[in-house]
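Survey of secondary and tertiary structure
Residues per chain, in single letters:
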Amino acid sequence: MSPSKGTASVLQYTPIDEIPKIREHLKATYNSGRLLPLEYRKQQLLRLIHLVEGNYARFEEAFKVDLGRHAVEVTGAELNNTVMDLMYLHDNFETWAKPEKPGFNLKFWAFGPVIRRVPKGVVLVVGPFNGGAIVTGNACVVKMSELTPNVSATLTELLPRYLDQDLFRVVNGGIPETTAVLQLQWDHIVFTGSAAVGRIIAIAAAKHLTPTTLELGGQCPVFCDPKMDMYLTARRLLWAKALNAGQTCTTVNHIFVPYEAQDALVEAFTKVYKEFFPEGPERAPISTLVTDVAFKRIRGLSEKTKGEIVCGGQWDEGRRWMAPTILKNVALDDTVMENELFGPILPIVPVRDFQDAIDWTNSRSHPLAVYAFTDDAKFKEYGKSNTHSGQFVVNDTTLQTIIPGLPFGGVGESGYGMVKGRYIFDTLSHMRATCESPWFVDSMVLGWRFPPYTDAKVKQAAALKPRVPPLNPSWGSMLRSWMPF
């Protein structure tokens, strides 16, 4: 096994020739039916929960080495969120797994139609491990990111201690190993990452007609009402942008605000910045960029922009570190507005009319989230009705990802498919339609289907057609539509 590059890394790559064997072994165990009993699934899920809960310190240290993240940020934004998601699955999946009857239909009740959620097979997860694979009864291979080697190495070490290795395995590596994984047939693929890699995943999956779920990102905008409390707005947005140095898929990408309100927002950011980093951002526990390439890209954008730096701008190439940087007077055609930033730069874009900002947003790829900061009901509704995104959130950002029961997913280039809770359960389950035809339906309902065909059988077949309401209903036609036949 070859180690990944990086002085602090302990990550060992999976030999490429072992990857097909791992998949075949998991497939054989899946076919044995070991994970069919709900109780075994629940036991495995609980063990995964204990894997996370019992190793907070290990994961906090791994995130610190890989990304310089503070324990408060790792605990609050990563580990607690993971435990909450897994516990929600633990407490509810047995109810979701019960057979479900479709709505009653007088003509077909005798068939006893039932929907059963059954496992798909062996699932590939490229990104963070998802407990949905366990509760749906699927075996799972997790391809962790080589860009966070210590986090990946920690999970690789811990997983065999807690979970059934005949059903759940980790594969590590870079492009060659990922390519080898994607050449294999899987029964579902879940990917979390960039749109560029998402396209590669989708193309590889298409060769095997494998269903995919892509969790991507996009240029998530904020529409800031000039009447909004600017201090609250700046406080919440600076927190979101500083979180993991802006390297989260739901973070704010830029802020639209009317020209006349830009100075008030800038003043609020300046005040909050001093509160957050009283000794300067250089002395604060701010996360680093994930790779040298990411750092150079972000630094290059900060040098090319025509926007004016309000706060931040400091950087340290040796640490791949850049301070959260607020820009003002950023034009729509500025270099920082070309693509998703995925870094600690936050442009303020002054506009004369919010409709111009909405039109610009709608002309580009749909973002994972749209944020509105306002207390005005009409402003909220206008933003909600005239934009298109995976989520719409008012007066905060990112926190929608931790609310139990809400779906999480994108639309268009921000991804497709849903994860979290009931939605990942349905995503990784096959909804298998079942019914049983009783002996008497031939004489009572469906005898017309057998030859020889006659005019009388044409009328009998037509009787199964539901009543279609007229385009211009009368009282008589409405009464007839209520009748069962």
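None of these values were measured; they are calculated from a predicted model.

Moving on, we get to the environment of V252. For V252, the position within the fold is in the loop between α9 (230-242) and β8 (254-258). Among the residues examined, V252 registers a relative accessible area of 0% and is labelled buried. For the pair V252 and I345, spaced 93 residues apart in sequence, the C-alpha separation works out to 9.8 Å. Excluding residues within four positions of it along the chain, V252 makes contact with C220, V222, L237, K241, L346 and Y371.

What follows is about the packing of aromatic side chains. Under the defined criterion, the tally for this structure stands at 12 aromatic pairs. Ring geometry for F256 and W360: centres 6.1 Å apart, planes at 75°, overall edge-to-face. Of this pair, F256 sits in strand β8 while W360 sits in helix α12 (residues 354-362), and the two are 104 residues apart along the sequence. There is no split in this pair, since F256 and W360 are both buried. Measuring from ring centre to ring centre gives 5.7 Å for W439 and F440, while their planes differ by 90°; the resulting arrangement is edge-to-face. Here the aromatic cluster, defined as three or more aromatic residues joined through ring pairs, consists of F223, F256, F354, W360 and F379. One cation-aromatic arrangement involves K271 over Y231; the distance from NZ or CZ to the ring centre is 5.1 Å.

Our focus in this paragraph is the side chain of T401. Along the chain, the position of T401 falls in the loop between β15 (391-394) and β16 (415-416). With a relative accessible area of 14%, T401 lands in the buried category.

With that settled, the discussion passes to the pattern of salt bridges. Considering all chains together, one arrives at 24 salt bridges under this definition. Note that K27 and D187 form a salt bridge whose closest N and O atoms lie 3.2 Å from each other. One end of the pair, K27, is in helix α1 (residues 19-31); the other, D187, is in the loop between α7 (175-182) and β5 (188-192), with 160 residues separating them in the sequence. Residue D187 is classed as buried on the basis of its relative accessible area of 16%. Across the pair R34 and D166 runs a salt bridge, and its minimum N-O distance is 3.0 Å.

So, on to the sheet that holds strand β9 (residues 308-311). Strand order in the open sheet formed by 7 strands is β9-β12-β13-β8-β7-β14-β15, and the pairing between neighbours is mixed. The sheet is open, and its two borders are formed by β9 and β15, each paired with just one other strand. When strand polarity is set aside, the average angle formed by the axes of neighbouring strands in this sheet is 25°. Both strand β14 (residues 369-373) and β15 contribute to a ladder of 4 bridges, which runs parallel. When the sheet's bridge partners are listed, Y371 is paired in β15 with V393. With respect to the sheet, α12 is in contact with β7 (221-224), β8 and β13 (345-351), its orientation differing from that of β8 by roughly 155°. The strands touched by helix α13 (residues 377-386) are β7, β14 and β15; relative to β15, the strand with the most contacts, the crossing angle is about 165°.

Looking now at the packing of helix α3 (residues 56-67) against helix α4 (residues 71-96). Viewed as axis vectors pointing N to C, α3 and α4 meet at an angle of 125°, and their least axial separation amounts to 10 Å. By the angle class used here, α3 and α4 are oblique. Regarding α3 and α4, the two cross each other, and that crossing is right-handed. Residues Y56, F59, E60 and F63 of α3 lie in contact with α4, whose contacting residues are A71, V74, T75, E78, L79, N80 and V83. Each residue belonging to the contact of α3 with α4 can be placed in one class, and the counts come to 7 nonpolar, 2 polar and 2 charged.

Calculation criteria
- Residues numbered from 1 in each chain as written.
- Predicted model: local features only at pLDDT ≥ 70, side-chain atom pairs only at ≥ 80, totals over all residues.
- Heavy atoms only, no water.
- Helix = DSSP H or I, 4+ residues; strand = E, 2+ residues; numbered from the N terminus.
- Buried < 20%, exposed > 50% of the residue type's maximum accessible area, 1.4 Å probe, protein only.
- Contact = heavy atoms within 4.5 Å.
- Phe/Tyr/Trp six-rings, centres within 6.5 Å; stacked < 30°, edge-to-face > 60°.
- Lys NZ or Arg CZ within 6 Å of the ring centre and 35° of its normal.
- Salt bridge = Lys/Arg side-chain N within 4 Å of Asp/Glu carboxyl O.
- Pairing = 2+ DSSP bridges.
- Axes fitted to C-alpha atoms, helices over the stretch in contact; angles between N-to-C directions.
- Parallel < 35°, antiparallel > 145°, perpendicular 65-115°, else oblique.
- Left-handed = near helix turned anticlockwise from the far one by under 90°.
- Nonpolar A, V, L, I, M, F, W, Y, C, P; charged D, E, K, R; others polar.

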